[in-house]
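Commentary on secondary and tertiary structure
Residue-level listing of the chains:
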Amino acid sequence: MPPPPSPKERLILCLIVGGVGLFLILSSLGIINLPPPRRPRKALFEDPRHWEITAFGLAFLLAGLSLLPDDRHMRLKKMFGTLSALPLLAGMTSVLLKIFQWIR
């Protein structure tokens, strides 16, 4: 069994995963402007301003926060882990419903 990660390793993982989530949230809210695609395409999300992108960003941000506490704070770790599952479940449900409607 590998040794538990050090506080520095947990902080680095938290910053990476939380940074991806923060980028997704800020881009979906229009704070970070992403350039439009060069050619039109048929896609599930044609622009980055969908609530599903915000939900996935929130899931990544909360998952990053769940990596920060050490094993002594299991309640906090479980709380962030559970909270990260809720927007992920909502976003995935919406994406699956869009895919099945798109296939038909």
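Residues numbered from 1 in each chain as written. Predicted model: local features only at pLDDT ≥ 70, side-chain atom pairs only at ≥ 80, totals over all residues. Heavy atoms only, no water.

Looking only at helices and strands, the protein chain features three helices and zero strands. Reading the protein chain from its N terminus to its C terminus gives the helix and strand order α-α-α. A burial count over the protein chain gives 24% of its 104 residues as buried. Taking as baseline every contact in the protein chain between residues at least 6 positions apart, the subset at least 24 positions apart corresponds to 68%. Only carbon and sulfur atoms are counted for the fraction: they give 71% of the accessible area of the protein chain, which is about 7,900 Å². (Helix = DSSP H or I, 4+ residues; strand = E, 2+ residues; numbered from the N terminus. Buried < 20%, exposed > 50% of the residue type's maximum accessible area, 1.4 Å probe, protein only. Contact = heavy atoms within 4.5 Å. Areas by Shrake-Rupley, 256 points an atom, 1.4 Å probe, with all protein chains shown as cover.)

A few words now on helix α2 (residues 51-67). If you check α2, its first and last C-alpha atoms are 25 Å apart, about what 17 residues at 1.5 Å a residue would give, namely 24 Å. Along α2, the residues classified as buried are Glu52, Ile53, Ala55, Phe56, Gly57, Ala59, Leu62, Gly64 and Ser66. (Expected span 1.5 Å × (residues − 1).)

Looking at the secondary structure, you find Ser84 in helix α3 (residues 74-103). Apart from the residues within four sequence positions on either side, Ser84 is in contact with Ala59, Leu62 and Ala63.

Okay, the confidence of the model for the protein chain next. Do not read the predicted coordinates in detail wherever pLDDT is low. When the pLDDT values of the protein chain are averaged, the result is 82; 87% of them are 70 or greater. Per-element confidence in the protein chain is highest for helix α1 (residues 7-28), whose mean pLDDT is 92, and lowest for α3, whose mean pLDDT is 82. (pLDDT = per-residue confidence, 0-100.)

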